[in-house]
Every structure is written in structure tokens, then in C-alpha cells.
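Letter by letter, the chains look like this.
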Amino acid sequence: DAGITQSPRHKVTETGTPVTLRCHQTENHRYMYWYRQDPGHGLRLIHYSYGVKDTDKGEVSDGYSVSRSKTEDFLLTLESATSSQTSVYFCAISVNGEKETQYFGPGTRLLVL
Amino acid sequence: SQKIEQNSEALNIQEGKTATLTCNYTNYSPAYLQWYRQDPGRGPVFLLLIRENEKEKRKERLKVTFDTTLKQSLFHITASQPADSATYLCALPNDYKLSFGAGTTVTVRA
């Protein structure tokens, strides 16, 4: 998993509560990404980061925010979780010097009741 | 808008046969295309990258072709084995991002 960890790995929460997912990398890779994966839709980019405090939106960013205060951590926050945000969330990195290829973490399975 | 389509969601084949997966795209002119493998409950794993000036690329029993005129990539698994059972995703670059197809799930029967 290219030294990428995600926490928590599983979470059940209630509609309207805030949720924060964490992605941690053990090396100083510049690019980090958050995706969600749903049946029939494949992987869709939520947000990505190209450096500390440098982030940008992906194709499905509504209802999500991110923060990157240090190189190794990229946080995804669902400000007020909804049932439509029930999904599997993957973090990925691009290795410095190999920006074309992405390496994925193990995923977080989120259920919003 | 840019669109990526992978053929049928599922492909069932007999061990030893060749599996052929298709990735078609529209409104793209990608400099390269990638294929990833995803096992249940795990994140995708990079397999192969093929550039626009490469017609074919091989890695062990995997072969990828890239036809920029047809806007299509074919992914072949030759001499398939049950261990090849997984979902295969194609991905195209979009600035520093990747856009993924929905994937094709391959099941290889012993």
C-alpha cells in the first residue's frame, strides 16, 4: 500500500454528524487524493492536494472539505453526513517523480444511517 | 464532457483462456492510459501504463493495446488463472488527476 494508512477503516455514523477521515503517508509525497467508490460509478475524485495547505476540488466535492497542515496527513471531513455519503473512501498518492501513477490506501468503509 | 466506458461489468471465463477487456473514451486526447487491478475490500493496484506512441505493452501474461484513433484500449489476460479474478479499472490522466472507468469484474473458473 505504498506506506499509506487510512483511519478509521470502518465507521458507522448518523445523519447530520460530522465525520473526519484521515490519510497518512510515511514519505514526503507531494500529491494526495481522496476518492469515493460506489457501485456503478467507479472511483470519483472528491478533493486532492498538491502540497501543504494547497488543495483543490474534484468532481464530487459538495458536502466535503479537506485539510493538509503537514505533508504526511490529508484529512477529509464530511461536515454534516448524509446517507448519500455512504460509500467506500480511498486515499491515494502520487510518488514524487512518478506523478502519472497513483498508489492507493486500504480504504475506509463509511455507513451513514 | 469526458467519458470513459468499460465493457460489460462482468466477464466469466474458463481457466487457461484469454480474457479481453475494453476501455473506450470520448472527449479525451490522453498522453497515456493506465490499468489497475482491484481485489474485493482493497484499494486499486497499478498494473500497466501505455503511452500514446506505444501500440502495445506487455507484462508477464498481461497485454495492453492503445489505439488513439479508435479511442480505445484493450487489456488481455492470457492463460488466465483463478488468481486473476478481480476487477480491472482503466484510468486516463486529467492534469495531475486520474479519471477512472467503472471497472470490469473478471471471474476465472477452474
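Scroll up to find the structure.
To keep things clear, this report deals only with the structure shown in the data block. (Residues numbered from 1 in each chain as written. Chains lettered and ligands numbered in written order. Predicted model: local features only at pLDDT ≥ 70, side-chain atom pairs only at ≥ 80, totals over all residues. Heavy atoms only, no water.)

Each partner contributes to the interface: chain A provides 19 residues, whereas chain B provides 18 residues. The three residues of chain A that bury the most area against chain B are Leu43, Glu100 and Phe104 of chain A, which together make up 32% of that side's buried surface. At the boundary of chain A with chain B, the tally comes to one salt bridge. As a salt-bridge pair, Arg51 of chain B and Glu100 of chain A come within 2.9 Å of each other at their nearest N and O atoms. For the pair chain A and chain B, the interface holds four residue pairs in polar contact (both at pLDDT 80 or more). Those elements giving two or more residues to the side of chain A that touches chain B turn out to be strand E4 (31-38), strand E5 (42-51) and strand E10 (98-104) of chain A. Looking at which element gives the most residues to the side of chain A that touches chain B, the answer is E10 of chain A, with five residues. Taken together, the residues of the side of chain A that touches chain B sort by class into nine nonpolar, seven polar and three charged. (Contact = heavy atoms within 4.5 Å. Buried area = accessible area lost by both parts, 1.4 Å probe. Salt bridge = Lys/Arg side-chain N within 4 Å of Asp/Glu carboxyl O. Polar contact = N/O pair within 3.5 Å; in protein donor to acceptor, adjacent residues only side chain to side chain. Helix = DSSP H or I, 4+ residues; strand = E, 2+ residues; numbered from the N terminus. Nonpolar A, V, L, I, M, F, W, Y, C, P; charged D, E, K, R; others polar.)

Glancing now at the pattern of salt bridges. Scanning all chains against the criterion turns up 10 salt bridges over all chains. Lys70 of chain A is paired through a salt bridge with Asp73 of chain A; the nearest N and O atoms lie 3.6 Å apart. Arg37 of chain B is the partner of Asp39 of chain B in a salt bridge, and the nearest nitrogen-oxygen pair spans 3.0 Å. Residue Asp39 of chain B is classed as partly exposed on the basis of its relative accessible area of 25%. Among the ionic contacts, a cluster of salt bridges with common partners joins Arg22, Lys70 and Asp73 of chain A. (Buried < 20%, exposed > 50% of the residue type's maximum accessible area, 1.4 Å probe, protein only.)

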